[in-house]
Amino acid sequence: MIADSNSGYSGWAYIVDRKYAKSPEHYVRAFHLIQSDLQRIFEYIEPSDVNRSTYSYRIHELFMRTCIEIEANFKAIFLENIFTPVDRKGDSRPESSWNIHDYRKINKSHHLSAYKIHVPIWDGGNSVFEPFKEWNLQAELSWYKSYNKSKHD
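Residues numbered from 1 in each chain as written. Predicted model: local features only at pLDDT ≥ 70, side-chain atom pairs only at ≥ 80, totals over all residues. Heavy atoms only, no water.

Asker: Would you mind going over the overall build of the protein with me for this structure?
Answerer: Of the regular secondary structure elements, the protein holds five helices and two strands. Of the regular secondary structure in the protein, the N- to C-terminal order runs α-α-α-α-β-β-α. Across the 153 residues that make up the protein, the buried fraction comes to 27%. Of the accessible surface of the protein, which amounts to about 11,100 Å², a share of 54% is contributed by carbon and sulfur atoms. (Helix = DSSP H or I, 4+ residues; strand = E, 2+ residues; numbered from the N terminus. Buried < 20%, exposed > 50% of the residue type's maximum accessible area, 1.4 Å probe, protein only. Areas by Shrake-Rupley, 256 points an atom, 1.4 Å probe, with all protein chains shown as cover.)

Listed below in structure tokens is the structure:
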């Protein structure tokens, strides 16, 4: 991972930030499980440019779990900070109707579009990933569209 400024916080500061979420340690635990499972996949599939199009049910399962955890984190941030979206009529929308267009608002406070992830063991020139960079250009994230397509088909 590329070490950039994180506004003076240490890597674990959000765990004690009451505005992040109730029981944030559960979100960290989920992240560690995802990280461990990715490392296990890398035991079988070399992390490299030539293998970017490799498909397996394990990769698909990890992708789905990761997206679900991202949504869970977004919802937790919204709930803790009393997010109350409204529909076109001005009525409050329930949590079950929140979507990626709502989640994009988190980019303003968390600057997700600036985050870069470097995979140091990657073979090839594409070892840096910027999963939220598209929020600088458009509302939709290509990986999130793939997640929803896979979820609904």
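Asker: What's the story with the side chain of Glu71 in this structure? I'm lost.
Answerer: You can see Glu71 is positioned in helix 2 (residues 57–80). The buried charged residue Glu71 lacks any salt bridge, with Lys151 as its nearest oppositely charged partner at 4.3 Å. With residues near it in sequence (within four places) discarded, Glu71 still touches Tyr103, Tyr144, Tyr147 and Lys151. (Lys, Arg positive; Asp, Glu negative; His and termini not counted. Salt bridge = Lys/Arg side-chain N within 4 Å of Asp/Glu carboxyl O. Contact = heavy atoms within 4.5 Å.)

Asker: How do you make sense of the pattern of salt bridges when you look at a structure like this?
Answerer: It is possible for side chains of opposite charge to pair when their charged atoms get near one another. In this structure the tally under the stated criterion is six salt bridges. Between Asp102 and Arg93 there is a salt bridge, and its shortest N-O distance comes to 2.3 Å. Since its relative accessible area comes to 21%, Arg93 is described here as partly exposed. Here the residues in one salt-bridge network are Asp37, Arg40, Glu61 and Arg65, joined through shared partners.

Asker: Got a minute to help me understand the packing of aromatic side chains in this structure?
Answerer: For any two aromatic rings, the description comes down to two numbers: the centre-to-centre distance and the angle of the planes. Inspection of every chain in the model, using the stated rule, returns 14 aromatic pairs. Both rings, one in Phe78 and one in Tyr103, keep their centres 6.1 Å apart while their planes meet at 35°; by these two values the pair is tilted. Of the two residues, Phe78 sits in helix 2 while Tyr103 sits in helix 3 (residues 100–103), which places them 25 residues apart along the sequence. Like Phe78, the residue Tyr103 is buried in the burial classification. (Phe/Tyr/Trp six-rings, centres within 6.5 Å; stacked < 30°, edge-to-face > 60°.)

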